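Residues per chain, in single letters:
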Amino acid sequence: MNQQELKILVVKCQKELEDLGYRFPKYKYSISNRLTRALGKCYYRVNRMTGEVFDLQIKISHDLPFNVGAHTVMHELIHVLDPLSDHGYGFKRIAQEVNRKYGYTISTYANKESSAAIRQVRAEKLARVRSY
């Protein structure tokens, strides 16, 4: 996945969540070549005095195939909406609403299709490296 593809998915997924009535705090998104175990990750900081969440950002693995990227992006955007929930009640409530309305299969872990796709991409990369 490249930055332009990520932007397309972020805009699509954010619009779907906004159509459900959710409003987004300020956040950033980017491609990461450092994510080797996860498909995506939500990072944030918390002000210890006020409990306010700030510096929200999501990173999506650079080797995530575009055809399964929407699920990962939607998963991470749900974390942006409720970062302190982790995969608790708040996350699950929003995920269930998104799944019902738009046909996603968002859960606390990657779905089978996304996991299989990323394993295939990473295996192909490893085979190319080994062939040198």
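What counts, and at which threshold
- Residues numbered from 1 in each chain as written.
- Predicted model: local features only at pLDDT ≥ 70, side-chain atom pairs only at ≥ 80, totals over all residues.
- Heavy atoms only, no water.
- Pairing = 2+ DSSP bridges.
- Helix = DSSP H or I, 4+ residues; strand = E, 2+ residues; numbered from the N terminus.
- Axes fitted to C-alpha atoms, helices over the stretch in contact; angles between N-to-C directions.
- Contact = heavy atoms within 4.5 Å.

Colleague: Run through the sheet that holds strand β3 (residues 53-61), naming residues and quoting values.
Modeller: Whenever strands of a sheet pair, they do so through backbone hydrogen bonds, lying parallel or antiparallel. Taken in spatial order, the three strands of this open sheet run β1-β3-β2, and their pairing is mixed. Whereas interior strands pair on both sides, the edge strands pair on one side only; in this sheet they are β1 (27-32) and β2 (40-46). Looking at each pair of strands side by side, their axes are set apart by 20° on average, direction ignored. Sheet analysis places β2 next to β3, joined by six bridges and oriented antiparallel. If you follow Arg-45 over to β3, its bridge partner there is Phe-54. The strands touched by helix α1 (residues 3-19) within the sheet are β1 and β3, with β1 carrying the most contacts at an inclination of about 140°. Packed onto the sheet, helix α2 (residues 66-81) meets β1, β2 and β3 and runs at close to 170° relative to β3.

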